[in-house]
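Breakdown of the fold
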Amino acid sequence: MKLWGGRFTKETNQLVHNFNASISFDQKFYQQDIKGSIAHVTMLAKQGILTEKEKELIVQGLSEIQEDIQNGTLVIDGESEDIHSFVESHLIKRIGDIGKKLHTGRSRNDQVALDMKLYVRDEIETMDGLIKELLETLHTLMKENIHTIMPGFTHLQKAQPLTLAHHFGAYFEMFKRDRSRLMDIKKRMNLCPLGAGALAGTTYPLDRTFTAELLGFNGPTLNSMDSVSDRDYLIELLSALSTIMMHLSRFSEEIILWNCNEYQFIELDDAYSTGSSIMPQKKNPDIAELVRGKTGRVYGALVSLLTTMKGLPLAYNKDMQEDKELTFDAIDTVKGCLALFTGMISTLKINKAAMQSSAKNGFTNATDAADYLVGKGVPFRDAHSIVGQLVLYCINKNLSLEEISLAEFKQFSPVFEEDIYKAISLSTCVNKRNTIGAPGQEAMEMVIALNEKYLKK
Ligand code: ARG
C-alpha cells in the first residue's frame, strides 16, 4: 500500500518504485519505528487528539506486528516503499480505520529522523560495549607483560627498549578516547525530532517534551526544519567510527609485522589464521589484514555522506535516504572488526624471548650509555658523539654494547667504569624511566591501577 496515492492518476513505474524504495535496508530499524509510533500515539491520547480506546487499539496492533516480525510470522516484503509504510499498512489491515489515525500530526520526515536517531543511539551502546571488551583484554595483557621487554621503534628503526605492556598501553589510550567520542556524540544528538512534521511543525497541540521523555531524549529539538534535515550526528558518528578503524588498522599492521617470519614476536592462534590453497606451509594473518582493509570502506562512508549533504537546501530532500546504507554498513563493519580483533589478540601467543633478543640486538640502550656519561660529567653532545663512535666500533665487530670489554670502552672515554654494564642492561634502561606515562615498572603499575578504576566505572 502507498501512503500517497490520492493525487496521482497513474501507477508508479516499476523501476521508479524499485529505485525509490528503501524497505530493503530500512527494515533494519522496524523495532525503533514501532517504538516511536507507540510513543507518538501515547502523546496524542494524552493531548486528547486520540481517545484512550483508539490509542490502546493502535498500541496493541503495533505490538503484535512487532512480535510477528520477530517470530517470523510476518515477513517484511519488498512491496511497501519503506518500513514506515509497511508498519502503517499492516496496522490498518489488522485494526481497520482506527489504524489510519496513527500518522496524525506526523510526517515520514520527522519519523525517519527519529527512527535513525533511536537506532544509532542503541548501536552506540553496543559498540561501546565491544570497545570495553577490547580494553579489558588489553588490560589483562598489560598486567601480564610489565616485564616483557621489547624494542620500541621510531621510523620502524629500533629506538629504545620498552615493554609490551607499554606498547599495548598506547592502544588502551586510543580506544579509551574512542569510547569518549561515542559518548559525546550520543549526548549531543539526544534531542527528539518527532513533532517537527514535514518541516514546519504541526497545527495539532502536540506535547513534544512528553514524547521526548517517553523515548529517553533530553528534550525536543528546537527548530523543525533542522530537525528533519540534520544529519550532523551521523557525520560525527562516521568520523568517530573511522577513527576507531584507523586505530584497529594500525594495531593490525603491527600484529601482521610481529607475526611475520622475520619478527616472530607473536604467533596468531590457528583459530584466528588461515591457510593457502597452494603453499602447504602458510599460516596467514587474514583477520588482521581484513580489519586493515575494511578501514577504507568506513572512511568511504564518511566521505560519501559529507558529499551527499554538501549541496542540500533546507529542509528534507530524498538524497538523505542515502545516509542509511552507509551508516548501517559502517556500524556493522566496526562491530564485526572489534569483536574479531578482541578474539584475535586474546588468543595470540607472545614470544617473550624473541622480543627481548630483538631489543638486545639493535643498540636500543645507546641513549642510556650516553646518559651514563652525562652522569659522570660529560656534556650530552660529547656523550652522544662518543657513544656514536662506540656503536660504529660494535657494528664492525658484530657485537652489542654490553658485549665489549671495559678496556674497549675506555678507548672511547676514560670515564667508563665497571658500572657501565649495569647502566645499559635492558631492564635498567626500561625501569629507570618512571615519569608518568613512561614504561618503567612503577610508572606502568600506576597507569594500570588507573585503568583498572576506569574499567570498573
Ligand atoms: N525512506 C525515506 C528516508 O530514508 C523516508 C522519508 C521519506 N520522506 C519523504 N518525504 N519522501 O529518508
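The structure this text deals with has already been given above.
Values in this document were obtained by computation on a predicted structure and should not be read as measured data.

Across its full length, the chain carries 19 helices and four strands. Taken against the 2.2 N^0.38 rule, which gives 23 Å for 457 residues, the C-alpha radius of gyration of the chain at 31 Å runs more than 25% over that of a compact globule. With the C-alpha coordinates aligned to their principal axes, the bounding extent of the chain is approximately 100 × 50 × 40 Å. Residues counted as buried form 49% of the 457 residues belonging to the chain. Excluding contacts between residues fewer than 6 apart, the proportion of contacts in the chain whose partners are at least 24 apart in sequence is 76%. Carbon and sulfur atoms provide 53% of the accessible area of the chain, an area that totals close to 22000 Å². Charged side chains in the chain number 51 positive and 59 negative. The centres of these two groups are separated by 2 Å.

Time to look at the site of the ligand. Every residue near the ligand is listed here: S22, D26, H84, R108, N109, V112, Y316, Q321 and K324. Measuring from a nitrogen atom of the ligand, one finds a side-chain N or O atom of Q321 at 2.7 Å. For the ligand, whose unbound accessible area comes to 350 Å², protein coverage reaches 86%. Here the shell around the ligand gets three residues from one element, more than from any other, and that element is helix α6 (residues 108-144). Considered class by class, the residues forming the shell around the ligand number two nonpolar, four polar and three charged.

Counting through the fold element by element, R179 comes out in helix α7 (residues 164-189). Within the local environment of R179, its side chain forms a polar contact with the side chain of D128, the two groups lying 2.8 Å apart.

Here we come to the packing of helix α10 (residues 232-259) against helix α11 (residues 286-309). Contact geometry of α10 with α11 gives a least axis separation of 8 Å together with a crossing angle of 160°. Accordingly, the angle class assigned to the pair α10 and α11 is roughly antiparallel. Considering the relative orientation of α10 and α11, their crossing is left-handed.

This part covers unusual backbone geometry. One can expect most non-glycine residues to show negative phi and most peptide bonds to be in trans. At the junction of L314 and A315, the peptide bond is cis and its omega measures out at 0° in the coordinates. Its place among the elements puts A315 in the loop between α11 and α12 (323-347). One non-glycine residue, N398, lies in the positive phi region at around 60°. Its place among the elements puts N398 in the loop between α15 (380-397) and α16 (406-412). Classification of N398 as exposed rests on a relative accessible area of 70%.

Turning our attention to the nonpolar core. In this structure, L241, L248 and I255 are the most contacted members of the largest nonpolar core, which totals 89 residues. Element by element, the count of residues in this core is highest for α10, at 14 residues. If sequence neighbours within four positions are ignored, L248 has contacts with L134, F175, V291, C337, L338 and F341. Counting residues in hydrophobic clusters, the runner-up holds 21 residues, among them L373, V391, I404 and F409.

As a further point, take the pattern of salt bridges. Throughout the structure, instances matching the rule amount to 28 salt bridges. The shortest N-O distance in the salt bridge between E81 and K318 comes to 3.7 Å. With E81 in the loop between α4 (52-71) and α5 (83-95) and K318 in the loop between α11 and α12, this residue pair connects regions lying 237 residues apart in the sequence. Overall, the relative accessible area of 34% leaves K318 in the partly exposed class. Ionic pairing is found between E452 and K143, a salt bridge with its closest N-O pair at 3.9 Å. With E452 in helix α19 (residues 441-456) and K143 in helix α6, this residue pair connects regions lying 309 residues apart in the sequence. Residue class for E452 comes out partly exposed when judged on its relative accessible area of 29%. When salt bridges that share partners are traced, they join E81, D82, R108 and K318 into one network.

About the thresholds
- Residues numbered from 1 in each chain as written.
- Predicted model: local features only at pLDDT ≥ 70, side-chain atom pairs only at ≥ 80, totals over all residues.
- Heavy atoms only, no water.
- Helix = DSSP H or I, 4+ residues; strand = E, 2+ residues; numbered from the N terminus.
- Rg over C-alpha atoms; globule rule 2.2 N^0.38 Å.
- Buried < 20%, exposed > 50% of the residue type's maximum accessible area, 1.4 Å probe, protein only.
- Contact = heavy atoms within 4.5 Å.
- Areas by Shrake-Rupley, 256 points an atom, 1.4 Å probe, with all protein chains shown as cover.
- Lys, Arg positive; Asp, Glu negative; His and termini not counted.
- Charge placed at Lys NZ, Arg CZ, Asp CG, Glu CD.
- Near = heavy atom within 4 Å.
- Polar contact = N/O pair within 3.5 Å; in protein donor to acceptor, adjacent residues only side chain to side chain.
- Nonpolar A, V, L, I, M, F, W, Y, C, P; charged D, E, K, R; others polar.
- Axes fitted to C-alpha atoms, helices over the stretch in contact; angles between N-to-C directions.
- Parallel < 35°, antiparallel > 145°, perpendicular 65-115°, else oblique.
- Left-handed = near helix turned anticlockwise from the far one by under 90°.
- Core = buried A, V, L, I, M, F, W, Y, C linked by side-chain atoms within 4.5 Å.
- Salt bridge = Lys/Arg side-chain N within 4 Å of Asp/Glu carboxyl O.

Everything listed here is a matter of geometry and, on its own, says nothing about what the molecule does.
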